[in-house]
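Observations on chain architecture
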There are 2 protein chains.
Amino acid sequence: MRLKAIISYDGSGFSGYQVQPEKRTVQQELERVLCIMHKGDIVKVIGSGRTDAGVHATGQVIHFDSPLTIPMDNWRTALNVQLPGDIRISSVEQIRNDFHARYDATGKTYRYIWSLNEVHSPFERNYSVHVDRYKPNVELMKEASLYLLGTHDFSSFCASNTSVKDFVRTVHSIKFEMKKESNQVHMVINGNGFLYNMVRIIAGTLWEIAIGQKSVGELRGILESCDRSKAGKTAPAHGLYLEKVEYKP
Amino acid sequence: MRLKAIISYDGSGFSGYQVQPEKRTVQQELERVLCIMHKGDIVKVIGSGRTDAGVHATGQVIHFDSPLTIPMDNWRTALNVQLPGDIRISSVEQIRNDFHARYDATGKTYRYIWSLNEVHSPFERNYSVHVDRYKPNVELMKEASLYLLGTHDFSSFCASNTSVKDFVRTVHSIKFEMKKESNQVHMVINGNGFLYNMVRIIAGTLWEIAIGQKSVGELRGILESCDRSKAGKTAPAHGLYLEKVEYKP
């Protein structure tokens, strides 16, 4: 039986999503708990994609196979009871046996959070990026973001250490939200898929435009150059959230 | 020169406020940073009171003396640059030389947070207490809380391992807030001072009333008994915030 689960995690305590030797990762914790539930049998967990160390998720999707006959309603609790508190299972459902969390994903939504407070609250320090020294012009970010919409070669917005060959991706939307109460700026980006560090490099580049270090017009040239060195800095991991993964109905 | 500062801290990583040998505490971090700023001289930091391991603060008050001639506007930044991110200085001001953060405090406000979500968000796990198995009746908590208002011997609501002799305190107000968006219940309590664990024992006892384990009427007897064993369990530390300390103007 194949199971699909939506999970959230606080990335602060993990060396990213994917298993790495001697490191604490989300996948490793999930597989450890499933192994206990399956009395020592190894259960491989497939995620919709990796997230880096420090990156959070509110809607990561995974799948795994299990022969257990646990009632579907009990799966979530059974997993959450054993998992550490920084990973939570939001929902579990049975799914067709050829469903694949990674290959079947048709779209993803990420959120990036900047905090503009003078003093960065200790309760927010791992969950948003502190940028108090600047007064960002969000209208400029919005304007610049229009260049990124649609289908492009996003080589300029991909970390150089990647094995990917195809750099063409489609960005469907980039929205900005001003959160007055918490004094935060949120960027919400949706696309059919993202290259390694792509959201963080987009966030970093748009931020440089917002604070006047780059002009709106430069963005077109950056995109067309297909040269990572032309884009802005990679924005820090702890401002980033994987919010939603879409699949064909 | 005497300085008064308002500070916030995420209690998760601390063994409480007060210095203890070989433990990481808020006071120890503050004194460590002040010692660096004073080129090795020891600077004693006095807080308005201790907070236990795991307890948070958004408005703890401290005082210390310094001969440094740093412009007042720069003190906050000078401290925050050196402090770890889980302690932040919100404000620093010069104050009369006989001001005492502890002895001059005339009142304190604490907040206690329960989270009613089915799944406890990984981002909230250290910042609210998860109580999903129950449907609390907040009206019953409100009704019961009226017994606690005013001046009473609060022995029943004081941890037994205390050296205090006078158990009489005055509670000025206990308010409840329902946070619909986050599905939380907040209790905000203000008084002239609180005994060791008093807020957590009040929170724990009112919670037992909210979920029907104790009746509203029992609270009067609990208070009058002056017997800690009659009250409810001590509510967990990580739901508690020291929000404000008041001083005579």
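Residues numbered from 1 in each chain as written. Chains lettered and ligands numbered in written order. Predicted model: local features only at pLDDT ≥ 70, side-chain atom pairs only at ≥ 80, totals over all residues. Heavy atoms only, no water.

Per an unreviewed UniProt entry, chain A carries the name tRNA pseudouridine synthase A and comes from Psychrobacillus glaciei. Here is the UniProt Subunit (unreviewed entry) comment for chain A, exactly as written: "Homodimer." Listed in UniProt under the heading Sequence similarities (unreviewed entry), the comment for chain A reads: "Belongs to the tRNA pseudouridine synthase TruA family." (UniProt positions renumbered as here; feature names shortened; annotations may be inferred.)

With that settled, consider the overall build of chain A. Looking only at helices and strands, chain A has 5 helices and 10 strands in total. Taken over C-alpha atoms, the radius of gyration comes to 19 Å for chain A, in line with the 18 Å a tight globule of 249 residues would show. The principal-axis extent of the C-alpha atoms belonging to chain A is close to 60 × 40 × 35 Å. Here chain A holds 249 residues, and the buried ones make up 52% of them. Contacts in chain A between residues at least 24 apart in sequence constitute 70% of all its contacts with a sequence separation of at least 6. Positive and negative charge centroids in chain A, built from 31 and 27 side chains respectively, lie 1 Å apart. (Helix = DSSP H or I, 4+ residues; strand = E, 2+ residues; numbered from the N terminus. Rg over C-alpha atoms; globule rule 2.2 N^0.38 Å. Buried < 20%, exposed > 50% of the residue type's maximum accessible area, 1.4 Å probe, protein only. Contact = heavy atoms within 4.5 Å. Lys, Arg positive; Asp, Glu negative; His and termini not counted. Charge placed at Lys NZ, Arg CZ, Asp CG, Glu CD.)

Of the residues lining the interface, 21 residues belong to chain B; the matching set on chain A comes to 21 residues. Taken together, the two surfaces of chain B and chain A that pack against each other cover about 1,500 Å², and 66% of this comes from carbon and sulfur. On the chain B side of the contact with chain A, V119, P122 and F123 of chain B bury the most area, a combined 39% of that side's loss. Here E118 of chain B ties to R76 of chain A by a salt bridge, and the two come within 2.9 Å at their closest N and O atoms. Where chain B meets chain A, there are 4 residue pairs in polar contact (both at pLDDT 80 or more). Elements supplying a minimum of two residues to the side of chain B that touches chain A: β1 (2–9), β3 (56–65), α2 (72–82) and β4 (87–95) of chain B. Of the residues that constitute the side of chain B that touches chain A, the class distribution is 9 nonpolar, 6 polar and 6 charged. (Buried area = accessible area lost by both parts, 1.4 Å probe. Salt bridge = Lys/Arg side-chain N within 4 Å of Asp/Glu carboxyl O. Polar contact = N/O pair within 3.5 Å; in protein donor to acceptor, adjacent residues only side chain to side chain. Nonpolar A, V, L, I, M, F, W, Y, C, P; charged D, E, K, R; others polar.)

Its volume calculated, the largest pocket comes out at about 1,700 Å³. Together, 34 residues line the largest pocket, and S182 and Q184 of chain A together with E124, S182 and Q184 of chain B are the ones closest to its centre. (1 Å grid on protein atoms, 1.4 Å probe; cavity = no way out; pocket = protein on both sides within 12 Å on 5 of 7 lines; lining within 4 Å. Points joined across faces, edges and corners; volume = space filled by probe spheres on them.)

Residue and element names in this part refer to chain B. Here A231 lies in the loop between α5 (218–225) and β10 (240–247). On a C-alpha basis, the gap between A231 and K214 in space is 9.5 Å, while along the polypeptide they are 17 residues apart. Residues contacting A231, with those up to four places away along its chain left out, are S156, F157, I201, T205, K214 and I222.

So, about the packing of aromatic side chains. Residues and elements named next belong to chain A. Within this structure, the stated rule accounts for 19 aromatic pairs over all chains. Ring centres of Y112 and W114 lie 4.9 Å apart, and the angle between their planes is 55°; on these two criteria the pair is classed as tilted. As far as burial versus exposure is concerned, Y112 and W114 are alike and both buried. Pairwise contacts between aromatic rings join Y9, F14 and Y17 into one cluster. (Phe/Tyr/Trp six-rings, centres within 6.5 Å; stacked < 30°, edge-to-face > 60°.)

The next subject is the relation of the copies chain B and chain A. Mapping chain B onto chain A is achieved by rotating through 180° and translating by 0.0 Å along the same axis, at an RMSD of 0.0 Å. Accordingly, the operation relating the two chain copies is best matched by a two-fold axis. No C-alpha of chain B approaches the rotation axis more nearly than that of F123 of chain B, which lies at 4.8 Å. A share of 100% of the interface residues of chain B reappears at the interface of chain A, consistent with the copies meeting face to face through the same patch. (Least-squares fit on C-alpha atoms with pLDDT ≥ 70 in both.)

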